[in-house]
Amino acid sequence: MKKKIEKDINIFGKIKRGISDFLYDASVDLHEITSSKKKVDVTALSAVQLKKMKSTRKTKELLCIWSVLILPLIDLIIFWVIGTALSFPIAFEHYTADGLRQYGFYNFEYLFRTITEPNSIFLESLLNSIKYWAFGFFICTPISFFMGFFLYKRIWGFRIFRYIFFLPSLISSVIVAAFFKYMVGPGGPVTQMIEVIFGQEGVLLLADSRYAFGTMLFYNFYTGLTGNVLYWLAAFSRIPVDVTEAGRLDGLSIMGEFRHITFPITWPFLATMLMLMFTGILSGGGAALLLTGGAYGTYDLGYYEYLLTVSGTKNDQGIAGAIGLLKGLIILPLALLINHFITKIEPVEF
């Protein structure tokens, strides 16, 4: 029996070597075919021929570049430039009871008037959006940055953590939200755990004003870490291995490597990401559409604009346009100011 097993192993070994030899020979032949093209002797060409060859090469390069950029540019022109131009007048439109369209500042007056009213949905949405942004900027971003660094350093169990954190990005957001509602909903595993540990029965994490917003923040924390970790891993991957190895030879610890090598090299990328996050200071939000429908104090500006645009009247659409215009007027100078400081950061040469 033992001899038979050894014989089978030898047969499989021969088959494996035969396949690998065949693939190697095929790759060598392919390389010879592709590299056997006749090379042009540049020194033997005239000035006109050389200029024509350079022009042809430049044309091919431009065609390659524009073939990649053309679709994003079309998308930018149609949905941002034209869309913004067409939506600008909507912010000033108002319809009377007779259906007559008028232009003025009624929508802006309405927003400034309702922001001071008690139980104002607009004020609640504005404050919640700022809270979402602050939570992502001051808590999620630093944690995801450190997590990305330790995953990059291949700590023990990094493969398991990588799958755990990347899982939300691989699954539809609707499915993730449905699973989350099951976990924290009535009778779910989380509520049962709360009952066992804290002795509180019937805790409604998504249907109680005391817990709903905090639960939404936790949902944003888990689902938001995924994309950020991917960004940081991409930034860390450009760090030269020679630099980190030299640091280890000099006796740098893992935290010393992070402080003196990783952070300075990735700082320009991190600064750009922070600038982009600043531009979204009024665009922060959670999955109100999928989890709470804006109830129990979970409105945000994005969801409020969505309701005004989709479910409201033409006057509500004008109010949504006014909100969008105000957001642009506030964010644009802020983005320009931050970009002014970001451009003064000198990149690390290596």
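Below is a summary of the structure that appears in this document.

1. A short note on the overall build of the protein chain
Piece 1. The helix and strand tally for the protein chain stands at 13 helices and 2 strands.
Piece 2. Going through the 350 residues of the protein chain one by one, you find that 29% of them count as buried.
Piece 3. For the protein chain, long-range pairs separated by at least 24 residues make up 65% of all intrachain contacts whose partners lie at least 6 apart in sequence.
Piece 4. When the accessible surface of the protein chain is summed, it comes to about 23700 Å², and 68% of that surface belongs to carbon and sulfur atoms.

2. Let's talk about unusual backbone geometry
Negative phi characterises most residues that are not glycine, and trans characterises most peptide bonds.
Piece 1. Even without glycine at this site, Asn 119 takes up a positive phi of about 60°.
Piece 2. Along the chain, Asn 119 turns up in the loop between α3 (106-114) and α4 (121-152).
Piece 3. Residue classification places Asn 119 among the exposed positions, given a relative accessible area of 79%.
Piece 4. The residue Tyr 296 is not glycine, and still its phi comes out positive at about 60°.
Piece 5. Tracing the backbone through its elements, the reader meets Tyr 296 in the loop between α11 (288-291) and α12 (301-310).

3. Digging into the nonpolar core
Piece 1. With 35 residues, the main nonpolar core has Tyr 219, Leu 291 and Ile 323 as its most contacted residues.
Piece 2. Contributions of two or more residues to this core are made by α3, α4, α6 (173-184), α8 (212-236), α11, α12 and α13 (314-342).
Piece 3. It is α13 that contributes the most residues to this core, 6 residues altogether.
Piece 4. Excluding its chain neighbours within four sequence positions, the residues that come into contact with Leu 291 are Ala 177, Phe 180, Lys 181, Leu 206, Met 216 and Tyr 219.
Piece 5. In terms of nonpolar packing, the next biggest core, distinct from the first, is built from 13 residues, Phe 145, Phe 149, Met 273 and Leu 274 among them.

4. A word on the pattern of salt bridges
Piece 1. Counted by the stated rule, this structure contains 4 salt bridges.
Piece 2. A salt bridge links Arg 101 to Glu 93, with the nearest nitrogen and oxygen atoms 3.7 Å apart.
Piece 3. On the basis of relative accessibility, which here comes to 12%, the residue Glu 93 falls in the buried class.
Piece 4. For the salt bridge of Lys 327 with Glu 305, the shortest nitrogen-to-oxygen distance reads 2.9 Å.

5. Points about the packing of aromatic side chains
Piece 1. Evaluated as defined, the whole model comprises 29 aromatic pairs.
Piece 2. Note on Trp 133 and Phe 138: the rings are 6.0 Å apart at their centroids and 85° apart in plane angle, and the pair reads as edge-to-face.
Piece 3. Residue Trp 133 is classed as buried on the basis of its relative accessible area of 11%.
Piece 4. Given a relative accessible area of 54%, Phe 138 falls into the exposed group.
Piece 5. Between the aromatic rings of Tyr 299 and Tyr 304, the centroid separation amounts to 6.4 Å while the plane-to-plane angle is 90°, which identifies the pairing as edge-to-face. The two residues Tyr 299 and Tyr 304 agree in class, both being buried.
Piece 6. Pairwise contacts between aromatic rings join Phe 145, Phe 146, Phe 149, Phe 150, Tyr 152, Trp 232, Phe 236, Phe 258, Phe 263, Trp 267 and Phe 269 into one cluster.
Piece 7. Residue placement shows Lys 131 over the ring face of Phe 213; its charged tip is 5.5 Å from the ring centre.

6. Re the environment of Phe 161
Piece 1. Mapped onto the elements of the fold, Phe 161 is located in helix α5 (residues 158-170).
Piece 2. For Phe 161, a relative accessible area of 35% puts it in the partly exposed group.
Piece 3. A sequence separation of 14 residues divides Phe 161 from Met 147, and the C-alpha atoms of the two residues are 9.4 Å apart.
Piece 4. Discounting residues that sit within four places of it in the chain, Phe 161 has contacts with Leu 151 and Trp 156.

7. Notes on the environment of Gly 104
Piece 1. Along the chain, Gly 104 falls in the loop between β2 (101-103) and α3.
Piece 2. For the pair Gly 104 and Pro 89, spaced 15 residues apart in sequence, the C-alpha separation works out to 9.9 Å.

8. Some details on the side chain of Glu 305
Piece 1. Its location among the elements puts Glu 305 in helix α12.
Piece 2. For Glu 305, a relative accessible area of 15% gives the class buried.
Piece 3. Residue contacts for Glu 305: discarding those within four places in its chain leaves Ala 320, Ile 323, Gly 324 and Lys 327.

9. Re the environment of Phe 218
Piece 1. Structurally, the position occupied by Phe 218 is in helix α8.
Piece 2. With relative accessibility at 51%, the residue Phe 218 sits in the exposed group.
Piece 3. It is 9.9 Å that separates the C-alpha atoms of Phe 218 and Phe 135, two residues lying 83 residues apart in sequence.

10. Some words on the side chain of Glu 257
Piece 1. With respect to the helices and strands, the residue Glu 257 is situated in helix α10 (residues 254-279).
Piece 2. Its relative accessible area of 4% is what places Glu 257 among the buried residues.
Piece 3. Engagement of the side chain of Glu 257 in a polar contact is seen with the side chain of Lys 153, the distance being 2.8 Å.
Piece 4. If near-sequence neighbours (up to four positions away) are discounted, Glu 257 is found in contact with Lys 153, Thr 244, Arg 248, Leu 252 and Thr 262.

Criteria and thresholds
- Residues numbered from 1 in each chain as written.
- Predicted model: local features only at pLDDT ≥ 70, side-chain atom pairs only at ≥ 80, totals over all residues.
- Heavy atoms only, no water.
- Helix = DSSP H or I, 4+ residues; strand = E, 2+ residues; numbered from the N terminus.
- Buried < 20%, exposed > 50% of the residue type's maximum accessible area, 1.4 Å probe, protein only.
- Contact = heavy atoms within 4.5 Å.
- Areas by Shrake-Rupley, 256 points an atom, 1.4 Å probe, with all protein chains shown as cover.
- Core = buried A, V, L, I, M, F, W, Y, C linked by side-chain atoms within 4.5 Å.
- Salt bridge = Lys/Arg side-chain N within 4 Å of Asp/Glu carboxyl O.
- Phe/Tyr/Trp six-rings, centres within 6.5 Å; stacked < 30°, edge-to-face > 60°.
- Lys NZ or Arg CZ within 6 Å of the ring centre and 35° of its normal.
- Polar contact = N/O pair within 3.5 Å; in protein donor to acceptor, adjacent residues only side chain to side chain.

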